[in-house]
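# Structural features, examined
Now for the letters of each chain:
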Amino acid sequence: MSLYFIAVVPHKGLRQKARVFSKDFAERFNSVKSFENFPHITIIKPFHFDENQEKILVESFSLMNLKCTPFEVFLKNFGCFPNKEKPVIFIKPENSTELQHLYDEVQPLMKFHSYAKIHPHLTVAYKDLSPENFQKAWQEYQTKTFEDCFLVDKICLFKHENRKWNLLKIKHLG
């Protein structure tokens, strides 16, 4: 079994801006996992799939008949999931309705476990952010401002190999 997930990935300039924040978390708050990853918004969270059947997965992904047309995601400021053991700090999408519609369309076509609602976010600190460092960082980041936007015109299928996520296939919208 291998691990896969589906996400939207912002343009290079926005990824670089997000990585500045992830680097800050790595250097000042001892949270390097997000910096080691790439900025994205998850549509279908990581799932296990038989690697021997990967060709079928990629074909199903490629052949999805998506009606969703390209749309812009507006990012504004920071949010958090203050989970006691694994808190998360992220950049907030303002218009998550379009991302929810995209999920609602992709999920049944890919036949994954259904969740009624997703919580779209662009993570800048997670997994290894200690509760103590979360408190310090969140005091600062809850008032920090950030604004940008990007066009979602494709979704990407990734596979986890060699300790990193690798792009397997791109599916264009519209």
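Note: the structure precedes this text.
No experiment lies behind these values; they were computed from the predicted model shown.

Okay, a positive patch on the surface next. A cluster of basic residues, K33, K86, K127 and R163, forms a positive patch at the surface. By the secondary structure assignment, K86 is in the loop between β3 (71-81) and β4 (88-93).

All told, the structure shown has 15 aromatic pairs when counted by the stated rule. Each ring, one from F5 and one from F158, has its centre 5.2 Å from the other, and the planes form 25°; the classification is stacked. Residue F5 is found in strand β1 (residues 2-8), and its partner F158 is found in strand β7 (residues 154-161); the two are separated by 153 residues along the sequence. The buried category is assigned to F5, whose relative accessible area is 2%. Among the residues examined, F158 registers a relative accessible area of 6% and is labelled buried. In this structure an aromatic cluster arises from ring pairing among F21, F25, F29, F78, Y141 and F146. Positioned above the aromatic ring of F35, the side-chain terminus of R19 is 4.1 Å from the ring centre. The cationic tip of K144 hangs over the ring face of Y141; the distance from NZ or CZ to the ring centre is 4.9 Å.

Attention now moves to the nonpolar core. Counting 44 residues, the largest nonpolar core has I89, L102 and I155 as the members making the most contacts within it. One finds F5, A7, C156 and W165 within the second-largest nonpolar core, a separate group that totals 5 residues.

Attention shifts here to helix α3 (residues 54-63). Buried within α3 we find E54, L57, V58 and F61. Projection of α3 onto a plane perpendicular to its axis shows the buried side chains occupying an angular sector of 95°, all on one side. Counted as exposed and oriented over 90 degrees from the buried face of α3: K55 and L63. Packing partners of the buried residues in α3 comprise β1, β2 (41-49), α4 (96-110), β7 and β8 (164-172).

Reading the values: rules and limits
Residues numbered from 1 in each chain as written. Predicted model: local features only at pLDDT ≥ 70, side-chain atom pairs only at ≥ 80, totals over all residues. Heavy atoms only, no water. Patch = residues over 30% accessible without salt bridge, like charges linked within 9 Å, V, L, I, M, F, W, Y side chains within 5 Å. Areas by Shrake-Rupley, 256 points an atom, 1.4 Å probe, with all protein chains shown as cover. Salt bridge = Lys/Arg side-chain N within 4 Å of Asp/Glu carboxyl O. Lys, Arg positive; Asp, Glu negative; His and termini not counted. Charge placed at Lys NZ, Arg CZ, Asp CG, Glu CD. Helix = DSSP H or I, 4+ residues; strand = E, 2+ residues; numbered from the N terminus. Phe/Tyr/Trp six-rings, centres within 6.5 Å; stacked < 30°, edge-to-face > 60°. Buried < 20%, exposed > 50% of the residue type's maximum accessible area, 1.4 Å probe, protein only. Lys NZ or Arg CZ within 6 Å of the ring centre and 35° of its normal. Core = buried A, V, L, I, M, F, W, Y, C linked by side-chain atoms within 4.5 Å. Arc of directions from axis to C-beta. Contact = heavy atoms within 4.5 Å.

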